[in-house]
Amino acid sequence: MPLITNSVPNLLGGVSQAPPSLRYPNQCELQENALSSPVDGLTKRPPTEFVAELTETGGASIPDSDGVAIHTINRDTSERYIVSIDNVDGTGTLRVHDIDGTAKTVTIDTGAAAYLNIADGDDPTEHFDFVTIADVTYI
């Protein structure tokens, strides 16, 4: 294989699975723990930080479940929420927490509560999807 010299203007093209001959010069084959930004260039991915353990409204620990479906609502810098649905003994439980882990009170009518129930042992991540549009989150 001949030696090829080429200049790379930046690495902002992201990851491409195309063959190297079809890839743009600013695309890479693999990018681990990095973020491509037009302002900052290629930077190291920021770490995750432990903030708080999510608990019940009264402060009790959430019981072990067969999985948890999680969705983050990021309205603005002062209103951020974590919505979760877990499956404890076939009973789906909807919980909402502030971004700092403070539990919020959730009121669900009878018909909606039945919608959350899935078979015991099933993983909620396979049964529920979330989408937030403006001030409404659909499950």
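Structure: above.
Nothing here was measured: the structure is a model prediction, and the numbers come from that model. (Residues numbered from 1 in each chain as written. Predicted model: local features only at pLDDT ≥ 70, side-chain atom pairs only at ≥ 80, totals over all residues. Heavy atoms only, no water.)

Q: Just to check I follow, could you spell out the sheet that holds strand β4 (residues 80-88) for this structure?
A: Sheet strands pair by backbone hydrogen bonding; their relative direction is either parallel or antiparallel. If you walk across this open sheet you meet the four strands as β3-β4-β5-β6, and the pairing is antiparallel. Edge strands, defined here as strands with exactly one partner in the open sheet, are β3 (68-74) and β6 (103-104). Where β4 meets strand β5 (residues 91-98), eight bridges bridge the pair, whose relative direction is antiparallel. Within the sheet, the bridge partner assigned to Ile82 lies in β5 and is His97. (Pairing = 2+ DSSP bridges. Helix = DSSP H or I, 4+ residues; strand = E, 2+ residues; numbered from the N terminus.)

Q: I would appreciate a short explanation of the nonpolar core in the present structure.
A: The tendency in soluble globular proteins is for nonpolar side chains to be buried side by side. Counting residues in hydrophobic clusters, the biggest one holds 10 residues: Ala69, Ile73, Val83, Ile85, Leu94, Val96, Leu116, Ile118, Phe128 and Phe130. Counting residues per element, the ones that place at least two in this core are β3, β4 and β5. Contacts of Leu94, omitting those with residues within four sequence positions, involve Val83, Ser84, Ile85, Val106, Ile108, Leu116 and Ile139. (Core = buried A, V, L, I, M, F, W, Y, C linked by side-chain atoms within 4.5 Å. Buried < 20%, exposed > 50% of the residue type's maximum accessible area, 1.4 Å probe, protein only. Contact = heavy atoms within 4.5 Å.)

Q: Just to check I follow, could you spell out the packing of aromatic side chains for this structure?
A: Aromatic ring pairs are reported here in terms of the distance separating the ring centres and the angle at which the planes meet. Going through the model one piece at a time under the given rule, you end up with one aromatic pair. For the ring pair Tyr115 and Phe128, a centre distance of 6.1 Å and an interplane angle of 65° mean the geometry is edge-to-face. Placement of the pair is Tyr115 in helix α1 (residues 110-116) and Phe128 in the loop between α2 (124-127) and β7 (131-133), with a sequence separation of 13 residues. Owing to a relative accessible area of 48%, Tyr115 belongs among the partly exposed residues under this scheme. Owing to a relative accessible area of 5%, Phe128 belongs among the buried residues under this scheme. (Phe/Tyr/Trp six-rings, centres within 6.5 Å; stacked < 30°, edge-to-face > 60°.)

Q: In this structure, what is going on with the side chain of Arg95? I would like to understand it.
A: The residue Arg95 is located in strand β5 in this model. The contact partners of Arg95, leaving out residues within four places of it in the chain, are Glu56, Ile62, Pro63, Ile82, Val83, Ser84, Asp86 and Val106.

Q: In this structure, what is going on with unusual backbone geometry? I would like to understand it.
A: Trans is the prevailing form of peptide bonds, just as negative phi is the prevailing case for residues other than glycine. A positive phi angle, near 55°, is found at Asn33, a position not held by glycine. Residue position: Asn33 is located in the segment before β1 (34-37). Asn33 gets classed as partly exposed once you look at its relative accessible area, which sits at 48%. Backbone geometry at Ala134 places phi at a positive 55°, although glycine is not the residue there.

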